[in-house]
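Each chain, letter by letter, is given below.
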Amino acid sequence: MKQQQSLPSIVTLAEIEEIVSSDSFALRLIDAIKKGFVSYSSGGFNACPIQTMGAPPMAPFSGRDSSDGNYQAQTCVKSGYVTGASHYVIKVASGGHPFPNNSGLMQLYSQTTGKLETILLDEGILTELRTAAVGALAAQLLAPDILMAEYGDGRIGVLGTGIQARYQLQYLARVIKCRNVLVWGRTAEHVQEYIKDMKAEGWNVTAVDTPQDLLMNCSLIVTTTSSREPLLKYAADDSISHPLHITCIGSDATGKIELDPKLVASANLLVADCKLITSERGEFEDALKQHLVELDSVVELGKLIERNELHRKRNGEDDGRLTIFDSSGVAVQDCVIAAMVNEALGQREVPSQT
């Protein structure tokens, strides 16, 4: 008689939010993401090819027209595993207009048996958090020194007003002291909502008229839009004379772009979460295709972490570089956060039976 198969544990969004909402989880996540990328760049992580559905060059999802310029819907599948870990992870995440909300889940399978053991019904929240964590990690390594002072002239620029634009500031608050923010968004109503929400969290937020205002007035810029044309432009007669780091989050699929390829080429240091992926999608894709930069000049994040000489100089030392980090998203981030949530679930008290 065939043995009855046990069903996987199904974890609700409410249970997940209870685990991930603390400051201690955020700090531990940033550190775990850091270790995960070192493992990734040293060959300790096994990543499968990314699948992206609903976005060019594929057809739009049923009943949708991508020619109106406002279609942004896509579903992304990322998977992989750490060599020697207990599970491999498959993540499915969907979002973008005209979807009403982000959605998704993470599946944890035993590396020993191949059986599905846990389903995290996170509705895309874990993807948002692990993305925010890598933005904070990049700032730890590369943000100019002026942002480490609570009271000063430093400014953070945010391109976009969506959910990731909010999470980026929430996680940046764990690693830098500056609280002055300039924001640009396409829709005035959304900009005002963003200002209101982030002021309630202790940020001093001001709207700007153009993306270029961020480029000229900020020491750190985080780009979070789904743009398919450059928003931050290169202008030879308007050169950047101050230390600046740009973290690129929005360009996570082929065809998306937020930075002028010539601006990318003008950087002193280019960093990518994955060199293989950055040649296929992400913010460096066009610059590489136009031969404005060479792939060999791009440093992988896991390698950067271990190369202290490339980190931003601190304590007043001169470091006027323009540095750019391109995050298109790597499955190691999903494995790290899924493992942390799974571990926390295992540590929950089991009610005693009497």
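Up top you'll find the structure we're talking about.
Please read these numbers as outputs of a predicted model, since none were measured by experiment.

## Re the overall build of the protein chain
For the protein chain, the helix and strand inventory stands at 11 helices and 17 strands. The C-alpha radius of gyration of the protein chain comes to 20 Å, within 12% of the 20 Å expected for a compact globule of 354 residues. Judged by the C-alpha coordinates and their principal axes, the protein chain covers about 80 × 50 × 45 Å. Residues counted as buried form 50% of the 354 residues belonging to the protein chain.

## Details of the pattern of salt bridges
If the charged atoms of two oppositely charged side chains come close together, the side chains can form a pair. With the rule as written, the count across this model stands at 10 salt bridges. Residues Lys289 and Glu285 are paired through a salt bridge, measuring 2.8 Å at the closest nitrogen-oxygen approach. One end of the pair is Lys289 and the other is Glu285, both in helix H9 (residues 285-289) and 4 residues apart, which spans about a single turn. Given a relative accessible area of 3%, Glu285 falls into the buried group. Taking the shortest distance from any N to any O, the salt bridge between Glu309 and Arg307 comes out at 2.9 Å. Salt bridges sharing common partners tie together Lys91, Arg130 and Asp334.

## Some words on unusual backbone geometry
A negative phi angle characterises most non-glycine residues, just as the trans form characterises most peptide bonds. Residue Pro56 is joined to Pro57 through a cis peptide bond whose omega torsion reads 10°. Residue placement: Pro57 occurs in the loop between strand E3 (51-53) and strand E4 (74-82). Even without a glycine there, the phi angle at Glu123 is positive, about 55°. Considering the arrangement of structural elements, one finds Glu123 in the loop between strand E7 (116-120) and helix H3 (125-142).

## Some remarks on the environment of Leu276
Topologically, Leu276 is positioned in helix H8 (residues 275-278). You can call Leu276 exposed: its relative accessible area is 59%. When the C-alpha atoms of Leu276 and Glu300 are compared, they prove to be 9.5 Å apart, with 24 residues separating the residues in sequence.

## Comments concerning the sheet that holds strand E10 (residues 204-207)
Spatial ordering of the open sheet is given by E10-E9-E8-E11-E13-E17-E15-E16, a layout of 8 strands whose pairing is parallel. The sheet is open, and its two edges are formed by E10 and strand E16 (298-300), each paired on a single side. Strand-to-strand, the axes of this sheet are offset by a mean angle of 20°, without reference to chain direction. Relative to strand E9 (residues 180-184), strand E8 (residues 156-159) runs parallel, the two sharing 4 bridges. Of the residues in E9, the one forming a bridge with Gly157 is Leu182. Contacting strand E11 (220-223), strand E13 (244-248), strand E15 (269-272) and strand E17 (322-326), H3 crosses the sheet at an angle of about 160° to E13. In the packing of helix H4 (residues 163-172) onto the sheet, the strands contacted are E8, E9 and E11, and the crossing angle to E8 comes to about 155°.

## What to know about the environment of Val341
Structurally, the position occupied by Val341 is in helix H11 (residues 331-346). You can call Val341 buried: its relative accessible area is 0%. Contact partners of Val341, with chain neighbours within four places excluded, come to Ile16, Ile19, Val20, Phe25, Leu120 and Leu126.

## Topic: the packing of H4 against helix H5 (residues 188-199)
Where H4 meets H5, the axes come as close as 11 Å, and the angle between the chain directions of the two elements is 25°. With respect to H5, the axis of H4 lies roughly parallel. For the pair H4 and H5, the crossing hand works out as right-handed. Along its contact with H4, which presents Ala165, Arg166 and Leu169, the element H5 presents Glu193, Tyr194, Asp197 and Met198. In terms of residue class, the contact of H4 with H5 is built from 4 nonpolar, no polar and 3 charged.

## Here we look at the side chain of Thr225
Position of Thr225 among the secondary structure elements: in the loop between E11 and strand E12 (228-232). A polar atom in the side chain of Thr225 sits 3.2 Å from the backbone nitrogen of Ser227. Of the polar contacts made by the side chain of Thr225, one reaches the side chain of Glu258; its length is 2.6 Å.

Analysis parameters
- Residues numbered from 1 in each chain as written.
- Predicted model: local features only at pLDDT ≥ 70, side-chain atom pairs only at ≥ 80, totals over all residues.
- Heavy atoms only, no water.
- Helix = DSSP H or I, 4+ residues; strand = E, 2+ residues; numbered from the N terminus.
- Rg over C-alpha atoms; globule rule 2.2 N^0.38 Å.
- Buried < 20%, exposed > 50% of the residue type's maximum accessible area, 1.4 Å probe, protein only.
- Salt bridge = Lys/Arg side-chain N within 4 Å of Asp/Glu carboxyl O.
- Pairing = 2+ DSSP bridges.
- Axes fitted to C-alpha atoms, helices over the stretch in contact; angles between N-to-C directions.
- Contact = heavy atoms within 4.5 Å.
- Parallel < 35°, antiparallel > 145°, perpendicular 65-115°, else oblique.
- Left-handed = near helix turned anticlockwise from the far one by under 90°.
- Nonpolar A, V, L, I, M, F, W, Y, C, P; charged D, E, K, R; others polar.
- Polar contact = N/O pair within 3.5 Å; in protein donor to acceptor, adjacent residues only side chain to side chain.

Nothing here speaks to function; it is all geometry.
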